[in-house]
Amino acid sequence: MASVELKNIDKHYAGYHALRDINLAIGDGEFAVMVGPSGCGKSTLLKTIAGLESISSGQLLIGNRNVTKEEPGDRGIAMVFQSYALYPHMTVAENMGFGLRMAKRPKGEVDAAVARAAAILRLEKQLDKKPRQLSGGQRQRVAIGRAITRSPDVFLFDEPLSNLDAALRTQMRVELSTLHAQLGATMIYVTHDQVEAMTMASRIVVLNKGRIEQVGAPLVLYNNPVNLFVAGFLGAPRMNFVEGTVSTVDGRGAGIQFANGTSLFFDDLVDPVERGSRVTVGIRPEKLKVNDTQSGTTFAADVRLIEYLGRETIVYADGGTLATSGSDSGTGAFTVQISDIVPFRIGAPVMLGFDMRDAYLFSADGRTVSAPKPIASI
Ligand code: ADP
C-alpha cells in the first residue's frame with residue numbers, strides 16, 4: 001500500500017493539451033474516483049500514473065518515491081481494464097497467476113496467491129475454466145484477481161464496470177467497495193458514471209477539460225459544489241438551473257430577476273456579484289416541491305412528462321413564471337423528484353416551490369456564490 005502524489009502534471013499529446021497542472025495527493029488506503037465527461041482526461045491521467053503514457057512535465061510520487069521516469073513494471077501498480085484483457089487460451093488460475101509467473105516466483109507462492117485471490121473473489125469453482133466459459137462479471141473478477149495476486153501498492157481501475165449490465169454493475173460496485181475495505185489498498189478508479197463515484201469513493205476528483213474542478217468526499221461535493229460544472233455533473237436527475245439577471249446588490253446580498261419580472265433574493269453571498277450580470281440559480285430535483293403551500297418560493301408550471309419508478313416519481317414540468325428564454329441550460333424545464341408514488345396528469349398546471357435555504361447561486365463565470373449550509377460529515 002502507498003500514497004500517490006501528483007505534482008504540477010501536464011500532458012501534451014501532439015497538438016493537444018490533455019492534462020493541465022494536475023496537483024493531487026491520494027492518501028495511503030484511499031479509494032479515489034476520478035470522474036468527468038468523455039474526453040476530460042481521466043484515462044490519460046490513469047495511464048500517466050501507470051506509466052503507460054509519459055508525463056510532459058511535473059512529478060509523480062508513489063509511496064514518496066519519485067517514479068516519474070520509471071517503467072510501469074517498477075512502479076508497484078496493477079491495472080484493471082474495462083476490456084478485462086484476459087488471455088483466452090489460459091485458465092482462470094493461469095490468468096490470475098500470470099504476473100507472478102512472469103516475475104519467476106516459485107510455484108508454491110503463485111498457487112497460494114491465486115488461491116487467496118480466488119477465495120476473496122469467490123472464484124474457487126472457476127479456476128480450471130477458460131474465460132469464454134465465464135459470465136462478464138466473473139471475467140471482470142478474474143481481471144481483478146490477476147491484480148490482487150501481484151500485491152500491488154496501488155490498484156488502478158479504468159472504467160472496469162462499463163461492459164456489464166445494470167444489475168451486475170450494482171453488484172460489482174458493492175463487491176469492489178467490500179474488496180477495498182478487506183484489502184485496505186490504495187485504489188484509483190476512473191469512470192464517467194457519477195453514481196459509481198458517489199457510491200464507492202472515499203474522495204471524488206472531478207475532472208473537466210484536463211483540469212481538476214474539485215476534490216472531496218462525495219456528499220461534500222454533492223452538497224457544496226464549488227461551481228456550476230460540479231453541481232451539474234453530480235446528481236441524477238441533474239440539478240435544475242435557471243438563468244436570471246442581478247437586479248439589485250444590497251450589502252452581501254443580491255436580487256435576481258427572471259425574464260417575466262419575478263425575482264428572488266439571496267443574502268450573504270460568499271463572493272459579490274455584479275449588478276446587471278447574468279447568473280444561474282440552481283435547485284436539486286429532490287428539493288423542489290409540487291403544490292406545497294408551505295414552500296417559501298413558488299411558481300407555476302405545467303406537467304410535461306411523468307416517470308413512475310416505483311419508489312419515486314419524476315415529474316418533468318415546463319416552468320411558466322420562472323422561465324427565461326435564449327439560454328442553453330434547459331431553462332424553463334424543471335425536474336422534480338418525489339420519493340413516493342403520486343399521480344399526475346400530463347398538461348396539468350402545478351405550483352412548484354422550494355425553500356431558499358436549498359437554492360444555489362452561480363456567478364456569471366460559474367462559481368458558487370451561495371449554497372445550502374454544509375452538511376455534517378457522516
Ligand atoms: P477520457 O478518459 O476522460 O474520456 P482521455 O484521457 O482518453 O479522456 O482523452 C483526453 C483527451 O486527449 C481527448 O480529447 C482525446 O481525444 C485526447 N487524446 C487521448 N489520447 C490521445 C493520443 N494518443 N493522441 C492525441 N490525443 C489523445
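### Observations regarding the overall build of the protein chain
- Looking only at helices and strands, one finds eight helices and 21 strands in the protein chain.
- Taken along the three principal axes of its C-alpha coordinates, the protein chain extends 75 × 50 × 40 Å.
- Sorting the 378 residues of the protein chain into buried and exposed places 51% on the buried side.
- Considering only contacts in the protein chain between residues 6 or more positions apart, those separated by 24 or more positions represent 66%.
- Put simply, the protein chain shows about 17,600 Å² of open surface, and 51% of that area lies on carbon and sulfur atoms.

### Topic: the domain arrangement of the protein chain
- Partitioning the protein chain into structural domains gives domain 1 (4-230) and domain 2 (231-370).
- Centre-to-centre, using C-alpha coordinates, domain 1 lies 37 Å away from domain 2.
- At the interface, 15 residues of domain 1 touch 15 residues of domain 2.
- For the domain 1 and domain 2 pair, buried surface summed over both sides reaches about 1,300 Å², with 60% attributable to carbon and sulfur atoms.
- It is Gln194, Tyr222 and Leu228 in domain 1 that bury the most area against domain 2; as a group they hold 51% of the surface buried on that side.

### Looking at the sheet that holds strand β13 (residues 263-266)
- As summarised here, the arrangement of the six strands in space is β13-β12-β11-β14-β20-β21, forming an open sheet in which the pairing is antiparallel. The outermost strands of the open sheet, each flanked by one partner alone, are β13 and β21 (368-370). This sheet shows a mean twist of 40° between the axes of neighbouring strands, independent of strand direction.
- In the sheet, strand β11 (residues 240-250) pairs with strand β14 (residues 278-283) via six bridges, with the strands oriented antiparallel. Following the sheet pairing, Thr245 is matched in β14 by Arg278.

### Thoughts on the side chain of Arg75
- Its place among the elements puts Arg75 in the loop between β5 (65-66) and β6 (77-81).
- Of the side chains with opposite charge, Glu70 lies nearest to the buried Arg75, which makes no salt bridge, at 5.9 Å.
- At a separation of 3.0 Å, a polar atom in the side chain of Arg75 contacts the main-chain carbonyl oxygen of Ile49.
- At a separation of 2.9 Å, a polar atom in the side chain of Arg75 contacts the main-chain carbonyl oxygen of Glu70.

Calculation notes
Residues numbered from 1 in each chain as written. Predicted model: local features only at pLDDT ≥ 70, side-chain atom pairs only at ≥ 80, totals over all residues. Heavy atoms only, no water. Helix = DSSP H or I, 4+ residues; strand = E, 2+ residues; numbered from the N terminus. Buried < 20%, exposed > 50% of the residue type's maximum accessible area, 1.4 Å probe, protein only. Contact = heavy atoms within 4.5 Å. Areas by Shrake-Rupley, 256 points an atom, 1.4 Å probe, with all protein chains shown as cover. Domains from an automatic or database assignment. Buried area = accessible area lost by both parts, 1.4 Å probe. Pairing = 2+ DSSP bridges. Axes fitted to C-alpha atoms, helices over the stretch in contact; angles between N-to-C directions. Lys, Arg positive; Asp, Glu negative; His and termini not counted. Salt bridge = Lys/Arg side-chain N within 4 Å of Asp/Glu carboxyl O. Polar contact = N/O pair within 3.5 Å; in protein donor to acceptor, adjacent residues only side chain to side chain.

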